[in-house]
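Observations on the three-dimensional arrangement
Each chain, written out:
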Amino acid sequence: MASREEITVCEDEVRSRYSHLEKMTDLVAVWEVALSDGVHKIEFEHGTTSGKRVVYVDGKEEIRKEWMFKLVGKETFTVGAAKTKATINIDAVSGFAYEYTLEINGKSLKKYMENRSKMTNTWVLSLGGTDYRVVLEKDTMDVWCNGQKMETAGEFVEDGTETHFSVGGHSCCIKAVSSGKRKEGIVHTLIVDDREIPEAVE
(Lines give C-alpha, C1' and ligand atoms only; values in the text may rest on other atoms or scores of the structure.)
Protein backbone atom coordinates (compact mmCIF):
# COMPACT_ATOMS: atom_id res chain seq x y z
CA MET A 1 0.00 0.00 0.00
CA ALA A 2 1.39 3.37 -1.00
CA SER A 3 1.97 5.92 1.71
CA ARG A 4 0.33 9.31 1.44
CA GLU A 5 2.56 12.34 1.40
CA GLU A 6 1.37 15.23 3.46
CA ILE A 7 1.32 18.45 1.48
CA THR A 8 1.44 21.72 3.34
CA VAL A 9 -0.01 24.76 1.57
CA CYS A 10 -0.08 28.14 3.25
CA GLU A 11 -3.38 30.01 3.54
CA ASP A 12 -2.23 32.94 1.33
CA GLU A 13 -1.37 30.55 -1.50
CA VAL A 14 -4.81 28.92 -1.32
CA ARG A 15 -6.50 32.32 -1.27
CA SER A 16 -4.58 33.56 -4.32
CA ARG A 17 -5.07 30.32 -6.23
CA TYR A 18 -8.82 30.03 -5.62
CA SER A 19 -9.89 33.65 -5.09
CA HIS A 20 -11.84 33.67 -8.38
CA LEU A 21 -14.05 30.87 -7.02
CA GLU A 22 -14.64 32.66 -3.75
CA LYS A 23 -15.60 35.79 -5.65
CA MET A 24 -18.70 34.29 -7.29
CA THR A 25 -19.87 31.63 -4.83
CA ASP A 26 -23.16 33.44 -4.15
CA LEU A 27 -24.01 34.34 -7.76
CA VAL A 28 -27.80 34.06 -8.07
CA ALA A 29 -28.74 36.05 -11.19
CA VAL A 30 -27.28 37.27 -14.49
CA TRP A 31 -29.03 39.62 -16.92
CA GLU A 32 -28.02 41.10 -20.27
CA VAL A 33 -29.42 44.56 -20.96
CA ALA A 34 -29.22 46.09 -24.45
CA LEU A 35 -28.83 49.87 -24.27
CA SER A 36 -27.82 52.33 -26.98
CA ASP A 37 -24.17 52.22 -25.92
CA GLY A 38 -23.99 48.41 -25.93
CA VAL A 39 -25.17 45.22 -24.29
CA HIS A 40 -24.37 45.26 -20.58
CA LYS A 41 -24.01 42.22 -18.34
CA ILE A 42 -25.39 42.57 -14.80
CA GLU A 43 -24.47 39.94 -12.21
CA PHE A 44 -25.88 39.71 -8.69
CA GLU A 45 -24.52 37.83 -5.69
CA HIS A 46 -26.76 37.27 -2.67
CA GLY A 47 -25.48 35.46 0.40
CA THR A 48 -28.64 34.15 1.98
CA THR A 49 -26.85 33.30 5.24
CA SER A 50 -24.77 36.48 5.56
CA GLY A 51 -27.06 38.87 3.71
CA LYS A 52 -24.16 39.84 1.44
CA ARG A 53 -25.18 41.69 -1.73
CA VAL A 54 -22.79 42.37 -4.63
CA VAL A 55 -23.71 43.91 -8.00
CA TYR A 56 -21.36 43.72 -10.98
CA VAL A 57 -21.92 45.66 -14.21
CA ASP A 58 -19.77 44.43 -17.10
CA GLY A 59 -17.53 42.62 -14.61
CA LYS A 60 -16.90 45.75 -12.50
CA GLU A 61 -18.11 45.75 -8.91
CA GLU A 62 -20.68 48.55 -8.44
CA ILE A 63 -22.17 47.70 -5.02
CA ARG A 64 -20.91 45.55 -2.16
CA LYS A 65 -22.76 45.21 1.13
CA GLU A 66 -21.68 42.66 3.73
CA TRP A 67 -23.64 41.30 6.67
CA MET A 68 -27.07 42.74 6.01
CA PHE A 69 -29.71 41.50 8.44
CA LYS A 70 -32.59 42.18 6.07
CA LEU A 71 -32.39 39.57 3.29
CA VAL A 72 -35.08 41.15 1.08
CA GLY A 73 -35.08 44.64 -0.43
CA LYS A 74 -33.65 46.56 -3.37
CA GLU A 75 -30.29 47.57 -4.79
CA THR A 76 -30.24 50.57 -7.15
CA PHE A 77 -27.35 51.50 -9.44
CA THR A 78 -26.68 52.88 -12.94
CA VAL A 79 -25.78 51.14 -16.20
CA GLY A 80 -24.08 52.42 -19.35
CA ALA A 81 -22.89 55.76 -20.65
CA ALA A 82 -26.29 57.40 -20.14
CA LYS A 83 -26.30 56.29 -16.46
CA THR A 84 -29.59 54.42 -16.91
CA LYS A 85 -31.21 53.64 -13.53
CA ALA A 86 -31.38 49.93 -12.67
CA THR A 87 -32.87 48.24 -9.61
CA ILE A 88 -32.59 44.64 -8.46
CA ASN A 89 -35.58 43.59 -6.34
CA ILE A 90 -35.04 40.79 -3.82
CA ASP A 91 -38.26 39.11 -2.70
CA ALA A 92 -38.84 36.07 -0.49
CA VAL A 93 -40.82 33.40 -2.29
CA SER A 94 -41.10 30.73 0.43
CA GLY A 95 -38.91 29.72 3.33
CA PHE A 96 -35.36 30.45 2.24
CA ALA A 97 -36.11 30.77 -1.48
CA TYR A 98 -35.73 34.17 -3.12
CA GLU A 99 -36.79 35.77 -6.39
CA TYR A 100 -34.61 38.37 -8.12
CA THR A 101 -36.06 40.79 -10.67
CA LEU A 102 -34.35 43.57 -12.58
CA GLU A 103 -36.03 46.89 -13.35
CA ILE A 104 -34.65 49.41 -15.82
CA ASN A 105 -35.92 53.00 -15.47
CA GLY A 106 -38.70 51.75 -13.17
CA LYS A 107 -40.02 49.10 -15.58
CA SER A 108 -39.52 45.35 -15.54
CA LEU A 109 -36.71 44.27 -17.86
CA LYS A 110 -39.22 42.64 -20.22
CA LYS A 111 -41.44 45.75 -20.40
CA TYR A 112 -38.40 48.02 -20.79
CA MET A 113 -37.08 45.94 -23.71
CA GLU A 114 -40.52 45.92 -25.37
CA ASN A 115 -40.72 49.74 -25.11
CA ARG A 116 -37.11 50.07 -26.20
CA SER A 117 -37.71 48.06 -29.37
CA LYS A 118 -40.37 50.64 -30.30
CA MET A 119 -38.02 53.56 -29.58
CA THR A 120 -34.84 52.25 -31.24
CA ASN A 121 -33.56 50.41 -34.30
CA THR A 122 -30.46 48.22 -34.04
CA TRP A 123 -28.23 46.85 -36.78
CA VAL A 124 -25.26 44.50 -36.36
CA LEU A 125 -22.71 44.35 -39.18
CA SER A 126 -19.12 43.41 -39.93
CA LEU A 127 -16.83 45.74 -41.88
CA GLY A 128 -13.25 44.79 -42.67
CA GLY A 129 -13.27 42.05 -40.01
CA THR A 130 -14.59 44.35 -37.26
CA ASP A 131 -18.07 43.91 -35.77
CA TYR A 132 -20.23 46.99 -35.30
CA ARG A 133 -23.51 47.52 -33.45
CA VAL A 134 -25.36 50.61 -34.71
CA VAL A 135 -28.33 51.94 -32.73
CA LEU A 136 -30.74 54.71 -33.75
CA GLU A 137 -32.72 56.38 -30.96
CA LYS A 138 -35.88 57.38 -32.82
CA ASP A 139 -37.00 60.04 -30.32
CA THR A 140 -33.74 62.05 -30.50
CA MET A 141 -32.33 60.70 -33.81
CA ASP A 142 -29.05 60.06 -31.96
CA VAL A 143 -26.90 57.35 -33.56
CA TRP A 144 -24.62 55.14 -31.45
CA CYS A 145 -21.94 52.75 -32.70
CA ASN A 146 -20.13 50.33 -30.37
CA GLY A 147 -20.83 52.50 -27.34
CA GLN A 148 -19.95 55.85 -28.91
CA LYS A 149 -22.42 58.57 -29.86
CA MET A 150 -21.73 59.36 -33.52
CA GLU A 151 -21.33 62.73 -35.23
CA THR A 152 -24.16 62.87 -37.77
CA ALA A 153 -25.45 65.16 -40.50
CA GLY A 154 -29.17 65.09 -41.25
CA GLU A 155 -30.85 66.24 -44.41
CA PHE A 156 -34.36 66.30 -45.85
CA VAL A 157 -34.77 64.42 -49.12
CA GLU A 158 -37.72 63.94 -51.48
CA ASP A 159 -39.20 60.89 -49.71
CA GLY A 160 -38.11 61.54 -46.07
CA THR A 161 -34.85 62.20 -44.23
CA GLU A 162 -31.31 60.87 -44.33
CA THR A 163 -28.87 60.81 -41.42
CA HIS A 164 -25.26 60.51 -42.58
CA PHE A 165 -22.25 59.32 -40.56
CA SER A 166 -19.22 57.09 -41.06
CA VAL A 167 -18.06 53.88 -39.39
CA GLY A 168 -14.56 52.53 -39.86
CA GLY A 169 -14.03 54.68 -42.95
CA HIS A 170 -17.30 53.48 -44.54
CA SER A 171 -20.07 55.93 -45.42
CA CYS A 172 -23.35 55.15 -43.66
CA CYS A 173 -26.83 56.55 -44.00
CA ILE A 174 -30.03 55.92 -42.08
CA LYS A 175 -33.02 56.63 -44.32
CA ALA A 176 -36.34 57.49 -42.68
CA VAL A 177 -39.32 57.03 -45.00
CA SER A 178 -43.05 56.92 -44.28
CA SER A 179 -44.45 53.39 -44.56
CA GLY A 180 -47.75 54.80 -45.77
CA LYS A 181 -49.45 52.81 -42.98
CA ARG A 182 -50.55 54.54 -39.81
CA LYS A 183 -49.68 51.61 -37.49
CA GLU A 184 -46.18 51.11 -38.93
CA GLY A 185 -45.28 54.80 -39.07
CA ILE A 186 -41.78 55.66 -40.26
CA VAL A 187 -39.45 52.94 -41.54
CA HIS A 188 -35.72 53.35 -40.81
CA THR A 189 -33.17 51.63 -43.05
CA LEU A 190 -29.39 51.52 -42.63
CA ILE A 191 -27.38 51.77 -45.84
CA VAL A 192 -23.60 51.13 -45.69
CA ASP A 193 -21.57 51.56 -48.90
CA ASP A 194 -24.82 51.48 -50.94
CA ARG A 195 -25.83 48.15 -49.32
CA GLU A 196 -28.93 47.75 -47.11
CA ILE A 197 -28.20 46.17 -43.71
CA PRO A 198 -30.95 44.00 -42.16
CA GLU A 199 -32.18 45.08 -38.74
CA ALA A 200 -31.09 42.96 -35.74
CA VAL A 201 -33.56 41.60 -33.19
CA GLU A 202 -32.43 42.10 -29.57
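Notes on the structure in this doc start here.

One can find Thr-152 in the loop between β12 (148–149) and β13 (153–157). With 21 residues separating them along the chain, Thr-152 and Cys-173 place their C-alpha atoms 9.3 Å apart. Leaving out residues up to four positions away in the same chain, Thr-152 has contacts with Val-143, Thr-163, His-164 and Phe-165.

This part is about the sheet that holds β12. With antiparallel pairing, four strands are arranged side by side in an open sheet as β9-β10-β11-β12. Each of the sheet's edge strands pairs with one partner strand only, and the pair in question is β9 (120–127) and β12. Note: β9 against strand β10 (residues 130–137), eight bridges, orientation antiparallel. Paired with Asn-121 across the bridge in β10 is Leu-136.

The next point concerns the side chain of Lys-52. Within the secondary structure layout, Lys-52 lies in the loop between β2 (38–46) and β3 (53–57). The buried category is assigned to Lys-52, whose relative accessible area is 10%. At 3.1 Å, the side chain of Lys-52 forms a polar contact with the side chain of Glu-45. Beyond its immediate sequence surroundings of up to four residues, Lys-52 is in contact with Asp-26, Glu-45, His-46, Gly-47, Arg-64, Lys-65, Glu-66 and Trp-67.

Reading the values: rules and limits
- Residues numbered from 1 in each chain as written.
- Predicted model: local features only at pLDDT ≥ 70, side-chain atom pairs only at ≥ 80, totals over all residues.
- Heavy atoms only, no water.
- Helix = DSSP H or I, 4+ residues; strand = E, 2+ residues; numbered from the N terminus.
- Contact = heavy atoms within 4.5 Å.
- Pairing = 2+ DSSP bridges.
- Buried < 20%, exposed > 50% of the residue type's maximum accessible area, 1.4 Å probe, protein only.
- Polar contact = N/O pair within 3.5 Å; in protein donor to acceptor, adjacent residues only side chain to side chain.

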